[in-house]
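Secondary and tertiary structure notes
Chain by chain, the residues run as shown.
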Amino acid sequence: IALKIMLNRIFTSIILASLLLTILLFSHPLLIGALFTLIFIYGYYEWLKISCNNIKKIYFSFFLMLAAMFLLLEYSSVFLVRSLTYFSLTLWLFIFLILIFNPSYLKKNITNNSEIFGFILIITAWYMAISLGYTSVTITQNSYKYLIFSSTELSPLNYYYLFIITLVSLSDISGYVIGRIFGKRKLYESISPNKTYEGFIASIIFPTLIFYCYFILFQSYSLLITDILFMLLCCIYCTIGDLLVSTLKRCFNAKDTGNLLPGHGGVLDRLDSYLPVIAIIQFWIFI
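Residues numbered from 1 in each chain as written. Predicted model: local features only at pLDDT ≥ 70, side-chain atom pairs only at ≥ 80, totals over all residues. Heavy atoms only, no water.

1. Structural notes on the pattern of salt bridges
As enumerated under the stated definition, the model contains five salt bridges in all. Among the ionic pairs, D172 bridges to R270, the shortest N-O distance being 3.3 Å. With D172 in helix α7 (residues 157–182) and R270 in helix α10 (residues 267–271), the pair connects residues that are 98 residues apart, well separated along the chain. The residue D256 makes a salt bridge to K255 at a minimum N-O spacing of 3.8 Å. Taking the relative accessible area as the measure of exposure, D256 reaches 32% and is therefore partly exposed. Take K255: its relative accessible area is 71%, and that puts it in the exposed class. (Salt bridge = Lys/Arg side-chain N within 4 Å of Asp/Glu carboxyl O. Helix = DSSP H or I, 4+ residues; strand = E, 2+ residues; numbered from the N terminus. Buried < 20%, exposed > 50% of the residue type's maximum accessible area, 1.4 Å probe, protein only.)

2. Let's talk about unusual backbone geometry
Unusually for a residue other than glycine, N253 sits at a positive phi of about 55°. As for its position among the elements, N253 is in the loop between α9 (225–251) and α10. Classification of N253 as exposed rests on a relative accessible area of 74%.

3. Some thoughts on the pairing of strand β2 (residues 192–196)
Across two bridges, the pairing between strand β1 (residues 186–188) and β2 is antiparallel. Residue pairing in the sheet places K186 in a bridge with T196 of β2. Linking two consecutive strands that pair antiparallel, namely β1 and β2, is a turn of three residues. (Pairing = 2+ DSSP bridges.)

4. So, the nonpolar core
Counting 77 residues, the largest nonpolar core has F40, W47, I95, W126, Y127 and L244 as its most contacted members. In this view, I95 contacts L106, F117, L121, I240 and L244; residues no more than four positions away in its chain are not counted. (Core = buried A, V, L, I, M, F, W, Y, C linked by side-chain atoms within 4.5 Å. Contact = heavy atoms within 4.5 Å.)

5. Some points on the environment of L91
Inspection of the secondary structure puts L91 in helix α4 (residues 78–101). Take L91: its relative accessible area is 18%, and that puts it in the buried class. Spatially, the C-alpha atom of L91 lies 9.1 Å from that of P276, the residues being 185 residues apart in sequence. Excluding residues that lie within four positions of it along the chain, L91 makes contacts with I120 and L121.

In structure tokens form, the structure reads like this:
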């Protein structure tokens, strides 16, 4: 059974990676923005499906999400991008500290305010994703009012998106494989029983080392210490995002957020690591 789950996970990862690679390299920015939006909307739907049994509240929360997306696009600005980036970074730092020192407090807040909690995390990550790189002067032009939806050319943004997806994927895969094979000491058994310290360390070291070698050997790009530190931070927060969604599932006794992706669970199970990392990338590279 364990082998079958691993094979399903690998097969699904290959299909998803191929699909995303094709879209990011060859499609129009409008399509990419629409895809990102659908992914985040469906992720919020899965969040609500797990945490809320009131259909009216689900519909209302879903309507608020769509309305907020429209308003953020309509009133997008450099100030708004930067403000939400700083807000998101502060919020995830707070989540990180709560997970370490008082996880019961986090569980209590997720249980009592799940719709609001999910709304804030997902709407901010979505806005970071579609505004990536638009803190430059180009956002002041009218043609860039709706961020990625108003773009006519994706390059070089497609490479930044590929970087994020590859970094998160490498962190996830290395942590999963090393944890499965060599993992013995549990990282957070009460929240995520399968995570181990060995897998966590691998999820940080391997992606950072791979990208370090890639930039130095193939791109002849000299990485600064701050670049390495930010890569390490991104990898650490991949696990924090994963633990946050695992906390949600434990609060409402759910094994996965859905069954749309064989071997992976739901969309939110794959989106969780991106929720904090996108804001870190936005700050690191563009702000």
